[in-house]
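# A structural walkthrough
Read off the chains here:
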Amino acid sequence: MKINIDILSSLLACKANQHNFDKYWKTLDLDNKIDISKNKYTPINILIKLSTDSTGCLSEGLACNPSTPASILAELSTAEDYYIRDRVASNIATPPYILAKLSQTNDMNNRYYVAGNPSTSIDTLTKLSNDANHIVRAKVAENPSTPLEILEKFAKDISSAVREGVINNMSTPIEILKILFTEENIWLRDSVKIHPNW
């Protein structure tokens, strides 16, 4: 994402004076505001200011920005809009305690994004490894933070998508890849052959 450096510099210059900041902010179009909300180099004090925007247009940018403070991510994780919650769930800067809460929702997409987030705790990954939805389990299988015992269990999962997730995980050791090499599915067997740990 490209942001006009002059705009960010002007915002920084205005940050000490709230009146000047508000005046300058009103001159920006929505696209510039959204770019600022998404930009990882936007200072935290400006991100905090953006979180008070009453239109809600900046929530998505804040939700996926790795510089957004945890307190704002926690607030966004309870948004009515599932897309905002998905962005929080996929943000690598989202703290594990927020990811754990999102993993307990009925929203499969939230669980899917939590399952794929490398910041998700082992405890949460372990719980998600028993998810009824094979797509969520497949995402757990792909997560580089997933413990080896879960990968080994997944190598024998009934769902080929879950077994494929184990193959796609660059952390999968050769011992587990050997289990998958006995796979009846020729496509999965061929995928094992090109795994870097094979």
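In case you missed it, the structure is sitting above this.
Now for a look at the structure at hand.

Procedures and definitions
Residues numbered from 1 in each chain as written. Predicted model: local features only at pLDDT ≥ 70, side-chain atom pairs only at ≥ 80, totals over all residues. Heavy atoms only, no water. Helix = DSSP H or I, 4+ residues; strand = E, 2+ residues; numbered from the N terminus. Rg over C-alpha atoms; globule rule 2.2 N^0.38 Å. Buried < 20%, exposed > 50% of the residue type's maximum accessible area, 1.4 Å probe, protein only. Contact = heavy atoms within 4.5 Å. Areas by Shrake-Rupley, 256 points an atom, 1.4 Å probe, with all protein chains shown as cover. Lys, Arg positive; Asp, Glu negative; His and termini not counted. Charge placed at Lys NZ, Arg CZ, Asp CG, Glu CD. Axes fitted to C-alpha atoms, helices over the stretch in contact; angles between N-to-C directions. Parallel < 35°, antiparallel > 145°, perpendicular 65-115°, else oblique. Left-handed = near helix turned anticlockwise from the far one by under 90°. Nonpolar A, V, L, I, M, F, W, Y, C, P; charged D, E, K, R; others polar. Phe/Tyr/Trp six-rings, centres within 6.5 Å; stacked < 30°, edge-to-face > 60°. Disulfide = S-S within 2.5 Å.

## A look at the overall build of the protein chain
Each helix and strand counted, the protein chain has 15 helices and zero strands in total. Expected size for 198 residues packed as a compact globule is a radius of gyration near 16 Å; at 21 Å, the protein chain overshoots this value by more than 25%. Once the C-alpha set of the protein chain is aligned to its principal axes, its extents read approximately 65 × 30 × 20 Å. Here the protein chain, with 198 residues, has 43% of them falling under the buried criterion. A fraction of 46% describes how many contacts in the protein chain between residues 6 or more apart in sequence connect residues 24 or more apart. Within the structure as shown, the protein chain displays about 10,500 Å² of accessible surface, and the carbon and sulfur contribution to it stands at 54%. When the 21 positive and 23 negative side-chain charges of the protein chain are each reduced to one mean point, those points stand 3 Å apart.

## Quick word on the packing of helix H7 (residues 82-90) against helix H9 (residues 108-116)
Think of two packed helices as two axes; the pair is described by the angle between the axes and how far apart they sit. Packing of H7 against H9 leaves a shortest axis separation of 8 Å and a crossing angle of 15 degrees. In terms of orientation, H7 lies roughly parallel with respect to H9. The two elements H7 and H9 cross, and the hand of that crossing is right-handed. Every residue of H9 that contacts H7 at Tyr-82, Arg-85, Asp-86, Arg-87, Ala-89 and Ser-90 is listed here: Asn-109, Asn-110, Tyr-113 and Val-114. Among the residues making up the contact of H7 with H9, the classes are represented as four nonpolar, three polar and three charged.

## Considerations on the environment of Leu-151
The residue Leu-151 is located in helix H12 (residues 148-154) in this model. Leu-151 sits 28 residues away from Ile-179 along the chain, and the two C-alpha atoms are 11 Å apart. Setting aside chain neighbours within four positions, we find Leu-151 in contact with Ala-141, Thr-146, Val-166, Asn-169, Thr-172 and Ile-176.

## Here we look at the packing of aromatic side chains
Evaluated as defined, the whole model comprises two aromatic pairs. Consider the rings of Tyr-112 and Tyr-113, whose centres lie 5.2 Å apart with planes at 85 degrees: the pair is edge-to-face. Of the residues examined, Tyr-112 reaches a relative accessible area of 23% and is grouped as partly exposed. You can call Tyr-113 partly exposed: its relative accessible area is 27%. Taking the centre distance of 4.8 Å and the plane angle of 35 degrees together, the rings of Phe-181 and Trp-198 count as tilted. You can see Phe-181 sitting in helix H14 (residues 174-181) and its partner Trp-198 sitting in the segment after helix H15 (186-193), a full 17 residues away along the chain.

## Quick look at the state of the cysteines
A complete count under the given rule lists zero disulfides for this structure. With no disulfide of its own, Cys-57 lies closest to Cys-64 among cysteine sulfurs, the gap being 14 Å.

## Looking at the environment of Glu-164
Considering the arrangement of structural elements, one finds Glu-164 in helix H13 (residues 160-168). Of the residues examined, Glu-164 reaches a relative accessible area of 27% and is grouped as partly exposed. Spatially, the C-alpha atom of Glu-164 lies 8.2 Å from that of Ser-191, the residues being 27 residues apart in sequence. When near neighbours in sequence (up to four residues on either side) are disregarded, Glu-164 contacts Trp-187 and Leu-188.

What is shown is where atoms sit, not what they do.
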